[in-house]
Amino acid sequence: MNIFKVNNFFGFFMVALAITSCVQKIEQTSSLKQESNCRQVQHQMGEAKICDEPKRIVALGPNVLEPLLALQVQAIAFADHIGFYTKDYTNPLEQIPYLGKYINESMTNVGIAYTPNIEQILKVKPDLILGVEINNASQYEMLSKIAPTLILDWDKPMENMKTIAQAVNRETQAEELLQTTQAQIAKAKTEFAPVVKKHPKVLLLYAKGLQELISDNSRGLCSSLVKDLGFQLVSPPKSNPSQPDTRTPISLEILPQLEKADSIILLGYNFSQPETLKDIDNFAQHQLTETQQAWAKNEIAQSLEASKEGRVYYIPAYMCLGLTGAIGTELYLNELKTQLLPKL
């Protein structure tokens, strides 16, 4: 064989070997780099592997959209608890209660939080899905096949903020937000101290007109913030006193037995016929009108000392049930200040 051809063949072989080796090293480096940007995020249903910073996030419920927005992260798709709006959110400010002003781009509407539209979720090609255990646990297996999915506990807003922050690489911002929220509550507790001293006992009821009155003093922002401010929550009589406070339906006839309450907070809700809500600016009043009118006309309600002395307050339940984190806390706290502080 011609020695020139042998040398040529050997040279080409060595070049090819070098290129192959180089490509392998690049691939290994790229793989290692990608792995270094990944993290295992623990949640209610296990753990999810999330890499880099998710950009296409689906939020199944306002209570998981809220922490994202507080961290200045936008979602591409959203499912509300109630079908207030059925088309895509092209103008969130006028289409999403309370949170719309924090949203600076359009979002796809993927249905209702507890029955999301899987076809629509597939279409938006998410890289992260956020849901809540009481709504989405049964859908977790399906959702996690579409994208990494975090299922959170509605009742643990601080833990939820930390989990979502880890997923979107905003852990430092989350700690700052949590500290700010705690500082707001501590400051407010001082402001409320004279009110608490004079009128310490509060009856807190979820209300839809007067057909549904529910006491729930055991969990959630609605009750926890009132207690954090120093108030004592009055509970209705329980059939089993050894049981902790839970959601307890009560009748109008029981209200006179709760006269020891200095004040009453009615968390109004009206989610029937959401299509009749013509303007999101009237959302709060839409939730309260039925309850306010029914309470004003009812003899038992008006016979209570709190009613006679003008210490019955009306707040939309959505504010503290749907928004359990930093934004909801600030909104709810401001509403309590507006209504309760001037009454001293």
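Residues numbered from 1 in each chain as written. Predicted model: local features only at pLDDT ≥ 70, side-chain atom pairs only at ≥ 80, totals over all residues. Heavy atoms only, no water.

This paragraph deals with the pairing of strand E7 (residues 128-132). By the criterion of burial, E7 is predominantly enclosed, with five of the five residues buried. Both E7 and strand E8 (residues 149-152) contribute to a ladder of four bridges, which runs parallel. Its bridge partner lying in E8, Leu-130 is registered against Leu-150. (Buried < 20%, exposed > 50% of the residue type's maximum accessible area, 1.4 Å probe, protein only. Helix = DSSP H or I, 4+ residues; strand = E, 2+ residues; numbered from the N terminus. Pairing = 2+ DSSP bridges.)

Once that is clear, we can look at the environment of Leu-203. Positionally, Leu-203 belongs in strand E9 (residues 201-208). Setting aside chain neighbours within four positions, we find Leu-203 in contact with Val-234, Leu-255, Leu-258, Ala-261, Ser-263, Ile-264 and Ile-265. (Contact = heavy atoms within 4.5 Å.)

Right, let's talk about the packing of helix H6 (residues 157-167) against helix H7 (residues 171-198) for a bit. When two helices pack together, you describe them by how their axes are tilted relative to each other and by the distance separating the axes. Two numbers describe how H6 lies on H7: the axes approach to 8 Å, and their chain directions differ by 160°. If you check the angle between H6 and H7, you find them roughly antiparallel. Here the hand of the crossing between H6 and H7 comes out right-handed. Counting all contacts with H6, which are made through Met-158, Met-161, Lys-162, Ala-165 and Gln-166, the residues of H7 involved are Glu-171, Ala-174, Glu-175, Leu-177, Leu-178 and Gln-182. (Axes fitted to C-alpha atoms, helices over the stretch in contact; angles between N-to-C directions. Parallel < 35°, antiparallel > 145°, perpendicular 65-115°, else oblique. Left-handed = near helix turned anticlockwise from the far one by under 90°.)

What follows deals with the side chain of Asn-135. Its place among the elements puts Asn-135 in helix H4 (residues 133-136). Apart from the residues within four sequence positions on either side, Asn-135 is in contact with His-81, Ala-113 and Tyr-114.

A separate point is the pattern of salt bridges. Two side chains carrying opposite charge are able to pair once their charged atoms lie near each other. All chains considered together, the criterion is met by seven salt bridges. A salt bridge links Lys-123 to Glu-119; the shortest N-O distance between them is 4.0 Å. Placement of the pair is Lys-123 and Glu-119 together in helix H3 (residues 118-124), with a separation of four residues, close to one helical turn. One salt bridge connects Lys-187 with Glu-191, and the closest N-O pair in it is separated by 3.6 Å. (Salt bridge = Lys/Arg side-chain N within 4 Å of Asp/Glu carboxyl O.)

Turning our eyes to something else, we now look at the sheet that holds strand E5 (residues 108-112). Strands sit in the order E6-E5-E4-E3-E7-E8 across an open sheet of six strands; the sheet is mixed. Edge positions in the sheet fall to strand E6 (115-116) and E8, since each of these pairs with one other strand and no more. Relative to E7, helix H2 (residues 62-70) is tilted by about 130°, and along the sheet it contacts strand E3 (57-60), strand E4 (77-80), E7 and E8. Those strands touched by H6 are E7 and E8, and its axis lies near 170° from that of E8.

Moving on: unusual backbone geometry. Peptide bonds are trans in most cases, and residues, glycine excluded, mostly fall at negative phi. Even without a glycine there, the phi angle at Asp-52 is positive, about 55°. Within the secondary structure, Asp-52 is located in the loop between strand E2 (46-51) and E3. Owing to a relative accessible area of 39%, Asp-52 belongs among the partly exposed residues under this scheme. Phi angles above zero are rare outside glycine, and Asn-169 is one such case at about 60°. With respect to the secondary-structure elements, Asn-169 resides in the loop between H6 and H7. Look at Asn-169 and you get partly exposed, because its relative accessible area is 35%.

For the structure on display, the rule yields eight aromatic pairs. When the centroid spacing of 5.6 Å and the interplanar angle of 50° are considered together, the rings of Phe-78 and Tyr-89 count as tilted. Here Phe-78 is found in strand E4, whereas its partner Tyr-89 is found in the loop between E4 and E5, with 11 residues between them in sequence. For the pair Phe-78 and Tyr-89, a shared accessibility class is recorded, and that class is buried. Pairing Phe-84 with Phe-283 gives two aromatic rings, centres 5.0 Å apart and planes at 90°, and the pair type is edge-to-face. Of this pair, Phe-84 sits in the loop between E4 and E5 while Phe-283 sits in helix H9 (residues 283-297); the two residues are 199 residues apart in sequence, bridging distant segments of the chain. A relative accessible area of 10% means that Phe-84 is categorised as buried. On the accessibility criterion, Phe-283 (2% relative accessible area) is buried. Clustering of aromatic rings is evident, with ring pairs tying together Phe-84, Tyr-98, Phe-283 and Tyr-318. (Phe/Tyr/Trp six-rings, centres within 6.5 Å; stacked < 30°, edge-to-face > 60°.)

Counting residues in hydrophobic clusters, the biggest one holds 34 residues, and the most contacted among them are Leu-65, Leu-68, Leu-71, Met-107, Leu-128, Leu-130 and Leu-150. Take this core: its biggest share by element is five residues, from H2. Among all residues touching Leu-71, those that are not within four sequence positions of it are Met-161, Ile-164, Ala-165, Val-168, Arg-170, Gln-173, Ala-174 and Leu-177. Membership of the second largest hydrophobic core comes to 28 residues, among which are Ile-185, Leu-233, Ile-315 and Leu-333. (Core = buried A, V, L, I, M, F, W, Y, C linked by side-chain atoms within 4.5 Å.)

Attention shifts here to the confidence of the model for the chain. With 84% of its residues at a pLDDT of 70 or more, the chain shows a mean pLDDT of 86. Element-level mean pLDDT values for the chain span from 44 in helix H1 (residues 3-36) up to 98 in E3. Note that residues 1-23 has pLDDT below 50 and, in this model, one contact with residues that lie over four places away or in other chains. Counting interchain partners and residues more than four positions distant, the pLDDT-below-50 stretch residues 25-34 has zero contacts. (pLDDT = per-residue confidence, 0-100.)

As a further point, take the state of the cysteines. Counted according to the given criterion, the structure contains two disulfides. Between the sulfur atoms of Cys-38 and its disulfide partner Cys-51 the distance amounts to 1.8 Å. Sign of the S-S torsion, about 100° for the bond between Cys-38 and Cys-51, identifies this disulfide as right-handed. Taken as a pair, Cys-38 in strand E1 (residues 38-43) and Cys-51 in strand E2 lie far apart in primary sequence, 13 residues in all. (Disulfide = S-S within 2.5 Å.)

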